[in-house]
Amino acid sequence: MIKFTSRKPISLGLALAGMIAVGTGSLWVTASSVAADAPAKAATKPALTVTTTKASISTLAIKLAANGNVAAWQEALIGSEANGIRIQELHANIGDVVQRGQLLVSFASETVKADLAQAQAGLAEANANLADATANAERARSLQTSGALSAQQIGQYVTTEQTAKARVESARATVDTQQLRMKHTQVLAPDSGIITARAATLGAVVANGTELFRMIRQGRLEWRAEVTASEMARIAPGTEAIVTAPGGAQWKGKVRIVSPTVDAQTRMGLVYVDLVPDMKALKPGSTVVTAFKPGMYAKGEFIMGNSQALTIPQQAVVVRDGFSYAFRLNADGRVTQIKLQTGRRIATSDGDQVEVTQGLNADSTIVANGAGFLNDGDAVKVVAAVKPAAAAPAQTPTPAPAAGTARK
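Bear in mind the structure is a predicted one, so any value in this text is a computation, not a measurement. (Residues numbered from 1 in each chain as written. Predicted model: local features only at pLDDT ≥ 70, side-chain atom pairs only at ≥ 80, totals over all residues. Heavy atoms only, no water.)

Visitor: Go over the overall build of the protein chain with me, naming the residues and quoting the values.
Guide: Counting its secondary structure elements, the protein chain contains four helices and 22 strands. By the burial criterion, 29% of the 408 residues in the protein chain qualify as buried. At a minimum sequence separation of 6, the contacts of the protein chain that also span at least 24 residues come to 76%. Surface accessibility of the protein chain: about 26100 Å² in total, with carbon and sulfur atoms responsible for 54%. (Helix = DSSP H or I, 4+ residues; strand = E, 2+ residues; numbered from the N terminus. Buried < 20%, exposed > 50% of the residue type's maximum accessible area, 1.4 Å probe, protein only. Contact = heavy atoms within 4.5 Å. Areas by Shrake-Rupley, 256 points an atom, 1.4 Å probe, with all protein chains shown as cover.)

Visitor: Describe the environment of V383, with residues and values.
Guide: Among the structural elements, V383 can be located in the segment after β22 (380-382). Taking relative accessible area as the criterion, V383 reaches 34% and is therefore assigned partly exposed. With 334 residues separating them along the chain, V383 and T49 place their C-alpha atoms 6.9 Å apart. Here V383 is in contact with T49, V50 and T51, once residues within four sequence places are set aside.

Visitor: Give a detailed account of the side chain of S109, specifying residues and quantitative values.
Guide: Relative to the helices and strands, S109 is located in the loop between β7 (103-107) and α2 (110-142). Residues contacting S109, with those up to four places away along its chain left out, are M182 and T185.

Visitor: So, unusual backbone geometry: which residues are in play, and what are the values?
Guide: If you check the backbone angles, Q218 has positive phi at about 60° while not being a glycine. By the element assignment, Q218 lies in the loop between β11 (211-217) and β12 (221-228). Positive phi is not limited to glycine here, since R267 has a value of about 60°. Considering the arrangement of structural elements, one finds R267 in the loop between β14 (250-258) and β15 (268-275).

Visitor: Please provide a residue-by-residue account of the pairing of β15, values included.
Guide: Strand residues, when the strand is regular, have side chains that alternate between the two faces of the sheet. Two strands pair when backbone bridges link them, and β12 and β15 are joined in this way by eight bridges, in the antiparallel orientation. Within β15, the residue paired with T228 across the bridge is M268. Bridge count between β14 and β15: four bridges; the pairing is antiparallel. Bridging across to β15, K254 finds its partner in D274. (Pairing = 2+ DSSP bridges.)

Visitor: Describe the nonpolar core, with residues and values.
Guide: If you look at the biggest cluster of nonpolar residues, it comprises 23 residues, and the most contacted ones within it are W223, V271, V273 and F302. Only β3 (56-72), β12, β13 (240-244), β14, β15 and β16 (297-313) provide two or more residues apiece to this core. Core analysis: the second largest hydrophobic core is formed by 19 residues, L104, V105, F107 and V187 among them. (Core = buried A, V, L, I, M, F, W, Y, C linked by side-chain atoms within 4.5 Å.)

Visitor: Explain the packing of aromatic side chains to me, and be specific about the residues and the numbers.
Guide: All chains considered together, the criterion is met by two aromatic pairs. Here the aromatic rings of W251 and F292 are separated by 5.4 Å at their centres, their planes lie at 65°, and the arrangement is edge-to-face. Of this pair, W251 sits in strand β14 while F292 sits in the loop between β15 and β16, and the two are 41 residues apart along the sequence. Residue W251 is classed as buried on the basis of its relative accessible area, which comes to 18%. F292 sits in the buried class, given a relative accessible area of 4%. (Phe/Tyr/Trp six-rings, centres within 6.5 Å; stacked < 30°, edge-to-face > 60°.)

Visitor: Account for the confidence of the model for the protein chain, with residues named and values stated.
Guide: Overall, the predicted model of the protein chain reaches an average pLDDT of 81, with 80% of residues at or above 70. For residues 1-42, every residue scores under 50 in pLDDT, and the model assigns this stretch zero contacts once sequence neighbours within four places are set aside. Long-range and interchain partners of residues 389-408, a stretch whose pLDDT sits below 50, account for one contact in this model, where long-range means more than four residues apart. (pLDDT = per-residue confidence, 0-100.)

Visitor: Give a description of α2 that names residues and reports values.
Guide: Because an α-helix completes one turn every 3.6 residues, residues spaced three or four positions apart along the sequence face the same direction. Here α2 contains 33 residues, and its C-alpha end-to-end distance of 49 Å stays within 8% of the 48 Å for a straight helix at 1.5 Å per residue. Buried residues of α2: V112, L116, A119, L123, A126, L130, A133, A137 and A140, and no others. Where α2 is buried, its residues touch β5 (85-90) and α3 (151-183). (Expected span 1.5 Å × (residues − 1).)

Visitor: Could you give me a rundown of the sheet that holds strand β6 (residues 97-98), with the residues and numbers involved?
Guide: What the four strands build is an open sheet, ordered β4-β11-β9-β6; its pairing is antiparallel. The sheet is open, and its two edges are formed by β4 (75-79) and β6, each paired on a single side. Strand direction decides the pairing type here: strand β9 (residues 193-198) and β11, joined by five bridges, are antiparallel. Residue pairing across strands places A197 opposite R214, the latter belonging to β11.

Visitor: Outline the pairing of β13, supporting the account with residue identities and numerical values.
Guide: The pairing of β13 with β14 spans five bridges and is antiparallel. Note on β14: the bridge partner recorded for V243 is W251. A loop of five residues connects β13 with β14, the two strands running antiparallel in sequence, and G248 in this loop sits at a positive phi of about 105°. In this structure, β13 lies alongside β16, joined through four bridges in antiparallel fashion. Bridging from a neighbouring strand, V243 pairs with G300 of β16.

Visitor: Can you break down the side chain of H184 residue by residue, with the values?
Guide: On the secondary structure map, H184 appears in the loop between α3 and β8 (186-188). Since its relative accessible area comes to 19%, H184 is described here as buried.

Visitor: Residues and numbers for the sheet that holds β5, please.
Guide: Hydrogen bonds between backbone atoms are what pair the strands of a sheet, whose relative direction is either parallel or antiparallel. The four strands lie next to each other as β8-β7-β5-β10, forming an open sheet whose pairing is antiparallel. Two strands lie at the open edges of the sheet, namely β8 and β10 (205-206), each paired on one side alone. The pairing of β5 with β10 spans two bridges and is antiparallel. Bridge assignment links I85 to a residue of β10, and that residue is V206.

Visitor: Residues and numbers for the pattern of salt bridges, please.
Guide: Taken as a whole, this structure holds 13 salt bridges when the rule is applied. The salt bridge partner of E301 is K63, with a shortest N-O separation of 3.5 Å. With E301 in strand β16 and K63 in strand β3, the pair connects residues that are 238 residues apart, well separated along the chain. Look at E301 and you get partly exposed, because its relative accessible area is 30%. (Salt bridge = Lys/Arg side-chain N within 4 Å of Asp/Glu carboxyl O.)

As structure tokens, then:
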């Protein structure tokens with residue numbers, strides 16, 4: 001037996017109302033999601049806070065780099081002109097600054113003094129003999145017309161006078177020789193300069209011409225730069241150069257000579273740059289301490305002139321994968337990575353500047369601080385560069401009141 005169960009019919013109005021409610025709820029959820037995402041997209045969070053700068057036109061020096069040896073401009077050999085005399089005292093050592101005419105070596109002069117005294121005595125004797133011979137010759141000449149003396153006798157008196165004069169000249173020459181030997185007992189500096197070597201030994205008996213000292217004349221050095229044949233044509237006498245020692249010290253000089261030849265083996269030529277110290281600032285007897293020494297190898301640059309160039313700060317250049325980049329700021333607050341071709345560099349009071357030869361226009365706004373942490377398309381927040389604050393002036397401490405003095 002089949003039993004049928006009866007169900008109440010669903011109202012059409014109730015069904016439509018439920019469908020409308022469900023649709024309205026879905027629409028409300030969609031609208032709420034769009035409204036929530038809109039402010040998030042509108043306010044994009046900056047990736048970094050940066051400062052900006054602009055590319056500018058600057059004047060850069062045109063330089064030509066080279067390497068070479070540092071050598072003495074001229075080296076003087078100071079020798080002995082005394083023969084067989086003992087060195088009594090040394091007045092200079094290696095590294096001393098000496099002036100022209102300064103005493104360097106003293107020789108024992110007792111023997112020379114004795115020889116000089118003997119020569120002077122011989123000169124006095126010759127002068128006495130000359131006076132006697134001159135008086136006899138004058139008397140003979142006065143009696144020549146009287147016939148009291150023969151012509152032969154008169155000639156003998158005149159000859160004796162001439163012989164006495166010759167002996168005086170010989171004695172005077174001997175005195176001059178001994179005086180010259182006396183002068184040679186003291187060795188003086190032939191020029192101002194710096195002592196670089198000393199061969200003299202206290203107490204040694206040296207021969208004539210023995211080397212005693214070696215000196216750099218006037219303390220002048222020269223940098224012998226090695227350049228190619230094409231570079232030699234660009235350098236002229238008088239061109240300024242900046243030479244850098246291995247320790248970093250720099251010395252400004254000028255080109256004195258450009259070599260007229262090129263080495264057949266290396267195909268390089270020499271350019272001689274004068275490095276002249278201020279000898280007046282150095283006191284005689286002081287020891288020279290300088291970063292430049294003969295024989296060292298140094299690098300340098302020739303200043304060939306100036307030229308205009310587009311420059312940006314060194315901190316704005318980012319090196320990635322062997323290439324140089326900068327980040328240009330756009331109007332929408334985002335940055336664009338730009339590949340650069342860089343050239344010369346120059347140090348200024350505001351920091352190092354880099355020449356841009358390709359990839360950037362003048363007056364372009366680029367990121368300065370923080371460029372190394374950015375990527376192409378990043379949004380940034382720009383702030384003004386903060387200059388370091390000046391140091392506050394030191395305050396003078398207030399002295400403590402004396403005991404028994406009342407404070408106001």
